[in-house]
Amino acid sequence: FPVFSWPVITATDVHTGRAHILTRMTSIGAFVKMIKTRFGDTLPLVDNVVKVQPFETHQRHLRTISDYASYKKLHATLRGVYLSAFKARIRFGEPRLIQELWDLRDKSFLAIDFESSERNAAAILEWGYAAVRCGHLDALAAWPPIPDENYRRGHYIVSEYADKVRNKYNPTFPWQYAFGESQVASKVHLPQIIQAVLSSLASPDSETQPNSLVLVTHSAAEDLRRFEEMKIKMPHNLLIVDISVYESCLFKAGLRGAMVDAKTGLPRQSNSLLSLRSILHSLHVPIDFALHNSGNDAFACLLAFQMLVDPKNTHVPPPRTNPPSITLNGSVAHASVPLLLTPSNMAMSAIPRSLSSPQVPNLDKRQSLSIPARSTSFPNRLSMIDSYMTNASLGIPDDNGRIIGGPDALDSKFAQATIG
């Protein structure tokens, strides 16, 4: 049977997700014809042939099986084929698979966000993250995660661009991080910090098993491009969820109900993607913090993801009674009443610091400075949440959420900075 030299490909079933070694029906017909010509026997066509609709639509490498050894060798690659297709299906926002990821309760979800200069996208102004370790919380019987308590988060401002580079069309608000304390770090140290956060959450790389870390982002292509420019090493088996794509797939599947385009007033198109602000509005999340702050955006991104996969059990953080102060014409106005952005005044987004406000001192490339948040209603819980982190990795935060020395020996001022 194998001597016939079967032309085959490896692919996964679009319905079951299982990997298979596939051949064409014409090849089976040619085999039956060969048997009749060579031996004079007519083989009946069996009715238990598994017919597969391949998930992969691009051209596949054609191989030939002529003996059992070649079949066994090809069969050993099926786990890698499955993982490759599984990563792609998660990236494409397939609702069933993403829901299963959350329901397993053994993954860690890390939301990230970059803020870059409009003139030079490679100039990173801020980086923020928010993470939740589902396996750890489930083991402690603390399920589902409470965003305000169980999210581990941080926000970093690049010292070289602080109060120096401002975006004109999409202003950023680096000093209005609402969920902890911001840190000022040099652009030389920022890649080390990002790598330490990723390494502390990710499992070892594998060619056959998905990673325990799932990266959650809004506009994944841009964030991954920043990682590549900064030479951040990511596991090849890392799963990536783009919440804009995922939300769009939920809408196409009819799982989000009827929606109206806020710009045109017409019914929403099935192929449309929503901004992070629009997703939060559709989920009825009060936006009482400034977007286009990378730390706030990362927290909001993870919150939106949790609400999409588990809307019934997710606790939305209550409106803050002491929002961050806003700088107006060089004076700091500390709000004495809650500042809640409702649909009627949503256009009143937080205003960035003016040029006349106090500036960050010029820092040496090896220096960093801890900037206290203006809001005290979100205390820093990192020391309680991150106690599992080890000091063995390069530049990894210790049990108190502090950065220890790297290859170029971060100075004492940077080592004492507290992650928000």
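Residues numbered from 1 in each chain as written. Predicted model: local features only at pLDDT ≥ 70, side-chain atom pairs only at ≥ 80, totals over all residues. Heavy atoms only, no water.

Peer 1: Help me understand the packing of aromatic side chains, please; the structure alone is not making it clear to me.
Peer 2: Within a pair of aromatic rings, the relevant descriptors are the distance that separates the centres and the angle that separates the planes. If you walk through the whole model with that rule in mind, you get 16 aromatic pairs. For the pair Phe 114 and Phe 227, a centre-to-centre distance of 5.7 Å together with 85° between the ring planes defines the contact as edge-to-face. Pair noted here: Phe 114 is in strand β4 (residues 108-116) and Phe 227 is in helix α8 (residues 220-229), with a separation of 113 residues, a long-range link. Residue Phe 114 is classed as buried on the basis of its relative accessible area of 7%. Given a relative accessible area of 1%, Phe 227 falls into the buried group. The rings of Trp 102, Phe 109, Trp 143, Tyr 246 and Phe 305 are connected pair by pair, giving a single aromatic cluster. The ring centre of Phe 251 lies 4.3 Å from the NZ or CZ of Arg 268, which sits over that ring. (Phe/Tyr/Trp six-rings, centres within 6.5 Å; stacked < 30°, edge-to-face > 60°. Helix = DSSP H or I, 4+ residues; strand = E, 2+ residues; numbered from the N terminus. Buried < 20%, exposed > 50% of the residue type's maximum accessible area, 1.4 Å probe, protein only. Lys NZ or Arg CZ within 6 Å of the ring centre and 35° of its normal.)

Peer 1: Looking at this structure, how should I read the pairing of strand β9 (residues 239-242)?
Peer 2: Taking every second residue as pointing to the same face, both faces of β9 are buried, with Leu 239 and Val 241 on one and Ile 240 and Asp 242 on the other. With four bridges connecting them, strand β8 (residues 213-217) and β9 associate as parallel partners. Note on β9: the bridge partner recorded for Val 216 is Val 241. With α8 bridging β8 and the parallel β9, this β-α-β connection has right-handed handedness. (Pairing = 2+ DSSP bridges. Right-handed = clockwise from strand over helix to strand, strands pointing away.)

Peer 1: Would you mind showing me how to read the sheet that holds strand β1 (residues 6-12) here?
Peer 2: Ordered by their spatial adjacency, three strands build an open sheet running β2-β1-β3, and the pairing between neighbours is antiparallel. One side of each edge strand has no neighbouring strand; the edge strands of this open sheet are β2 (19-22) and β3 (63-65). Averaged over all adjacent pairs, the angle separating strand axes in this sheet is 40°, with direction ignored. Summarising the sheet, β1 and β3 pair through three bridges and their orientation is antiparallel. Bridge pairing in β3 links Val 8 to Arg 63. Sitting on the sheet, helix α2 (residues 68-75) touches β1, β2 and β3, and the angle it makes with β3 is about 130°. Seen against the sheet, helix α3 (residues 78-91) touches β1 and β2 and runs at an angle of roughly 45° to β1. (Axes fitted to C-alpha atoms, helices over the stretch in contact; angles between N-to-C directions. Contact = heavy atoms within 4.5 Å.)

Peer 1: Help me understand helix α4 (residues 95-104) in this model?
Peer 2: Note that an α-helix has 3.6 residues per turn; residues three or four places apart therefore point the same way. Buried within α4 are the following residues: Leu 97, Ile 98, Leu 101 and Trp 102. Taken down its axis, α4 places every buried residue within 140° of arc, on the same side. Taken from the residues just after α4, Arg 105 is the one with a positive phi, measuring 60°. (Arc of directions from axis to C-beta.)

Peer 1: Help me out: how do you make sense of a nonpolar patch on the surface in this one?
Peer 2: Taken together, the side chains of Met 25, Val 46 and Val 49 define a hydrophobic patch exposed on the protein surface, amounting to about 250 Å² of accessible area. Relative to the elements of secondary structure, Val 49 occurs in the loop between α1 (25-39) and β3. The partly exposed category is assigned to Val 49, whose relative accessible area is 31%. (Patch = residues over 30% accessible without salt bridge, like charges linked within 9 Å, V, L, I, M, F, W, Y side chains within 5 Å. Areas by Shrake-Rupley, 256 points an atom, 1.4 Å probe, with all protein chains shown as cover. Salt bridge = Lys/Arg side-chain N within 4 Å of Asp/Glu carboxyl O.)

Peer 1: Got a minute to help me understand the side chain of Glu 247 in this structure?
Peer 2: Position of Glu 247 relative to the elements: it lies in helix α9 (residues 243-252). Beyond its immediate sequence surroundings of up to four residues, Glu 247 is in contact with Arg 256, Met 259, Arg 268, Leu 274, Ile 279 and Leu 308.

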